Amino acid sequence: MSKVQSRPNFKSMSGADIRRCFLEFYEARGHRIEPSASLVPEDPTVLLTIAGMLPFKPIFLGQRAAEVPRATTSQKCIRTNDIENVGRTARHHTFFEMLGNFSFGDYFKAQAIAWAWELSTKVFELPEDRLVVSVFREDDDAFAIWRDQIGVPPHRILRMDEADNFWTSGPTGPCGPCSEIYYDFHPERGDQHLDLEDDSRFIEFYNLVFMQFNRDTDGHLTPLQNQNIDTGMGLERMAQILQRVPNNYETDLIFPIIETAAKIAGITYDKADEKTKVSLKVVGDHVRSVVHMIADGITASNVGRGYILRRLIRRVVRHGRLLGIEGPFIKQVAETAIQLSEAPYPNVRERDSAIKAELEREEARFLETLERGEKLVAEILEKEQAQISGKDAFVLYDTYGFPLELTQEIAEESGLTVDVEAFEAEMEQQRQRSKDAHETIDLMAQGSLDALAEHIHSTEFLGYTEAMSASRVEAILVNGKSVDCAEAGTQVQVVLDQTPFYAESGGQIGDQGYLSSNEAVMRVEDVQKEVYFFLHVGRIERGTLQVGDAVSAQIDRACRRRVQANHTATHLLQAALKKIVDPEISQAGSLVAFDRLRFDFNCPRPLTPEEVQQVEEQVNTWISEGHQADVEIMPIEEAKAKGAIAMFGEKYGAEVRVIDFPGVSMELCGGTHVANTAEIGLFKIISETGVASGIRRIEAVAGPAVLEYLNVRDVVVRDLTERFKVQPEEIGDRITALQANLKSTQKELEAAKSELAVLKSDQLLDEAEAIGDLKLLVAELPGVSADALKVAAERLSQKLGEGAVVLGTVPEEGKVSLVAAFSPAVVSKKLQAGKFIGGIAKICGGGGGGRPNLAQAGGRDASKLPEALVAAKEQLKSSLA
């Protein structure tokens with residue numbers, strides 16, 4: 001590794017020592033060390049944990065009481081908004097660790113600044129003359145503290161604008177000025193005209209946020225009753241400084257991963273050119289990201305967090321190829337990343353097998369199509385002038401697994417762009433399919449709740465023991481805005497002080513029921529949880545509901561019983577899968593509704609029919625045995641020690657609720673359940689399918705829904721037995737016989753169509769034109785199939801001898817079929833049937849290709865067929881002449 005110039009005189013520290021010293025420093029000053037939160041955040045407005053303060057956001061917004069006045073963390077974070085800069089700059093990453101100290105209404109500016117300076121100069125021994133400080137332009141208090149109490153020379157305290165040094169949680173809500181500490185790599189350049197934007201000289205390593213104001217909708221700032229401190233020190237940045245290396249990648253936090261990749265590629269980092277170093281850095285950074293994402297329960301997919309994971313893995317594979325690595329290699333590199341992380345984050349070693357299995361699956365899947373995709377990319381780059389078409393980008397995505405961003409990256413390397421708008425149009429159908437798995441967030445409602453958080457308390461949930469409660473209306477939202485009252489017919493979101501309604505979480509849907517007062521009745525159609533508020537979503541059916549009204553909140557007991565049966569059945573299902581299929585199976589998602597349940601789980605293969613049957617029988621056995629539920633609140637470590645199963649990606653506090661059916665299932669769960677498995681009645685698996693790479697899905701019904709499901713099936717069976725005049729057990733054989741008969745009839749029909757096409761085509765021979773020694777025939781052959789059209793073109797080509805045949809037809813509404821057949825003499829004139837007919841098909845909104853002598857293409861716009869045939873004739877006349 002290369003070293004930076006102008007080496008300062010301070011001790012070098014490992015990344016692990018920096019992390020330990022930071023946490024111990026603040027622990028000694030009354031801060032509780034909190035474990036890193038999951039990369040899957042509690043905040044529904046973001047896909048991933050992007051900042052060290054994110055786990056504490058509900059406290060800062062007043063939505064949750066702090067358990068301690070001071071805390072300190074080393075929080076793992078992921079950001080991908082600057083992914084194109086990874087490996088190209090000294091300090092851009094997708095994965096990074098943010099060291100932070102937090103005060104919840106305890107100490108403020110003076111103490112935060114003093115400790116930050118003490119930690120930087122005494123513990124890390126950074127020379128004071130190498131440190132520069134920034135403050136918000138209007139924050140005279142912070143300026144004075146730095147100057148008078150800390151002793152920083154005024155010319156090394158720079159006032160910055162709002163864009164750089166003022167933190168906000170959104171358009172409204174808590175906010176405040178920031179102060180940052182920068183390290184100066186080149187103090188020899190002098191103190192005049194300091195420019196903190198000069199990355200070659202300065203690096204910001206510690207950010208102090210003074211949360212002291214609340215901003216209202218008019219932009220007015222008022223002091224907060226409880227002023228908070230939120231700080232962040234980038235571990236990788238401090239490691240770069242203390243280890244005296246030119247960039248974050250060459251620190252001991254990342255460089256061992258880079259060395260592993262270099263060894264696999266048979267190269268050395270120090271001797272590599274800049275392009276190779278970029279690829280090595282991308283691998284080093286991204287492998288850290290994917291290891292921690294999978295460890296926190298994220299699996300690769302085409303939506304949400306899963307899409308980010310898949311995109312990162314595929315960038316690793318591609319940059320591995322650029323390094324000359326041909327086969328699988330991520331597993332080896334991941335092992336180094338796991339070794340580096342297992343001490344501070346034990347779950348990466350605990351999830352070792354799951355991490356490596358997911359990486360191997362994704363890598364193998366991408367490698368299967370990567371080579372062909374790269375060849376297609378090369379062809380596209382050769383033919384395109386300045387832009388890759390949206391159609392080509394979509395083919396790369398849909399057929400070869402190239403994320404759009406990867407195609408854009410490749411295009412940029414060749415000085416091209418991608419037609420993103422056209423790509424998005426092609427993607428519309430895929431987006432429709434992903435809607436079921438996509439959660440939408442009412443940001444307007446969230447903003448209103450953030451503002452209300454200063455004035456109302458969190459909702460108390462009574463639903464574990466009560467089906468009805470006397471409650472008070474704390475807030476009413478209409479179209480995301482807070483209102484004082486709402487009349488009949490209005491769609492509303494209502495916040496109560498306490499409620500028996502379960503809010504959607506942990507896969508279980510929200511309760512339904514009614515809110516009623518002396519003046520109004522509201523039907524509750526859904527209940528959503530926004531951090532610690534329960535939003536009762538529904539419509540005012542009668543009267544006017546007002547903030548402050550006393551209401552009777554009553555759930556629909558029948559719906560609750562159904563959802564309880566389905567939720568407990570889900571727990572029994574997971575236990576049965578672990579027992580019968582694989583003890584390593586873990587939950588990857590679920591839906592517990594009133595009428596059905598859905599359980600997604602990690603499994604690299606489909607279940608056999610025998611396994612599905614065994615799982616179903618095992619669940620029903622446990623139901624019939626009548627196991628009593630044991631529900632207990634206990635510390636999370638105690639629950640895990642007892643063997644309770646936690647879902648990866650789910651958020652748990654210091655104390656957890658454990659649902660235990662002794663000897664059968666024990667899980668951490670906040671949902672509602674039956675008191676005894678016998679209450680479920682019956683359990684029936686409807687389907688077992690794959691939903692993503694390595695993810696299987698079981699859909700099932702339990703309780704009363706089983707009878708409803710069987711009744712529907714019974715009606716269908718009765719109808720089929722009546723239609724076919726057979727017994728129920730004979731239906732399968734009868735359908736098989738009908739299918740065979742239909743297949744035979746279809747073959748006969750196709751043969752007849754081909755014969756008809758041949759007869760029709762023979763009538764076209766007289767239309768052939770002579771072009772020198774060659775003959776040209778371009779015509780439409782109506783009413784034939786695509787296969788018959790091909791047969792006709794080949795026959796005409798044989799009969800004409802040396803020449804070119806182009807035929808078109810509309811086999812069905814909305815489809816066009818085109819065929820080109822070229823003799824050797826035509827091909828010798830550098831005309832290829834595949835390229836030629838593909839270009840003609842574009843006129844009809846399609847494409848295609850094939851061999852030089854015979855090719856077929858299709859299109860979607862039948863009205864353009866005559867135009868396409870005219871164009872084909874003119875082009876061939878010109879070329880053959």
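This structure is a prediction, so every number in the text was calculated from the model and none was measured.

What counts, and where the lines are drawn
Residues numbered from 1 in each chain as written. Predicted model: local features only at pLDDT ≥ 70, side-chain atom pairs only at ≥ 80, totals over all residues. Heavy atoms only, no water. Helix = DSSP H or I, 4+ residues; strand = E, 2+ residues; numbered from the N terminus. Buried < 20%, exposed > 50% of the residue type's maximum accessible area, 1.4 Å probe, protein only. Contact = heavy atoms within 4.5 Å. Areas by Shrake-Rupley, 256 points an atom, 1.4 Å probe, with all protein chains shown as cover. Lys, Arg positive; Asp, Glu negative; His and termini not counted. Charge placed at Lys NZ, Arg CZ, Asp CG, Glu CD. pLDDT = per-residue confidence, 0-100. Expected span 1.5 Å × (residues − 1). Phe/Tyr/Trp six-rings, centres within 6.5 Å; stacked < 30°, edge-to-face > 60°. Lys NZ or Arg CZ within 6 Å of the ring centre and 35° of its normal.

Moving on, we get to the overall build of the chain. Scanning the chain from terminus to terminus reveals 25 helices and 34 strands. Projected onto its principal axes, the C-alpha positions of the chain cover 100 × 75 × 55 Å. Sorting the 881 residues of the chain into buried and exposed places 51% on the buried side. Long-range pairs, those at least 24 residues apart, make up 68% of the contacts in the chain between residues at least 6 apart in sequence. By element, 48% of the accessible surface of the chain is carried by carbon and sulfur atoms, the whole surface being about 40000 Å². In the chain, 97 side chains carry a positive charge and 134 a negative one; their mean positions are 5 Å apart.

Glancing now at the environment of Y249. On the secondary structure map, Y249 appears in the loop between α6 (235–242) and α7 (255–265). Separated by 157 residues in the primary sequence, Y249 and H92 have C-alpha atoms spaced 9.4 Å apart. The contacts of Y249, once residues within four sequence positions are left out, are V86, G87, T89, A90, H92, H93, I254, F255, I258, K281 and D285.

Further remarks concern the pairing of strand β3 (residues 95–104). The element β3 is extensively covered by neighbouring structure, given that 10 of its 10 residues are classed as buried. Alternating residues of β3 divide into F95, E97, L99, N101 and S103 and F96, M98, G100, F102 and F104, and every residue in both groups is buried.

Of the residues in the chain, 94% have a pLDDT of 70 or more, and the chain-wide mean is 87. Note that residues 1–6 has pLDDT below 50 and, in this model, 17 contacts with residues that lie over four places away or in other chains. In this model residues 430–446 is a low-confidence stretch, pLDDT under 50, and it forms 18 contacts with partners more than four residues away in sequence or in other chains.

Attention now moves to helix α18 (residues 609–625). Working note: α-helix, 3.6 residues per turn, so residues spaced by three or four point in the same direction. With 17 residues, α18 should reach 24 Å at 1.5 Å per residue; the first-to-last C-alpha distance of 25 Å fits that figure. Buried within α18 we find E611, V612, V615, E616, Q618, V619, N620, W622 and I623. Taken together, the buried residues of α18 touch α17 (557–580) and β27 (683–692). G626 occupies a position one or two residues after α18 and carries a positive phi of about 65°.

Here helix α9 (residues 304–322) contains 19 residues, and its C-alpha end-to-end distance of 27 Å stays within 8% of the 27 Å for a straight helix at 1.5 Å per residue. Counting buried positions over the 19 residues of α9 gives 16, a clear majority of the element. Note on α9: the residue one or two positions beyond its end, G324, has a positive phi of about 95°.

On to the packing of aromatic side chains, then. Summed over the entire model, instances satisfying the criterion amount to 20 aromatic pairs. One aromatic cluster is present, formed by F22, F25, Y26, Y107, W115 and Y206 through successive ring pairs. Geometry around Y269 places K277 over its ring, the cationic atom sitting 4.9 Å from the centre. Lying over the aromatic face of Y464, R657 brings its terminal NZ or CZ to 3.6 Å of the ring centre.

This paragraph deals with the environment of R305. Tracing the chain through its elements places R305 in helix α9. A relative accessible area of 27% means that R305 is categorised as partly exposed. The sequence separation of R305 and D252 amounts to 53 residues, and the corresponding C-alpha distance is 28 Å. If we ignore the near neighbours within four places in the chain, the residues touching R305 are V40, P41, V46, L47, L48, M293 and I298.

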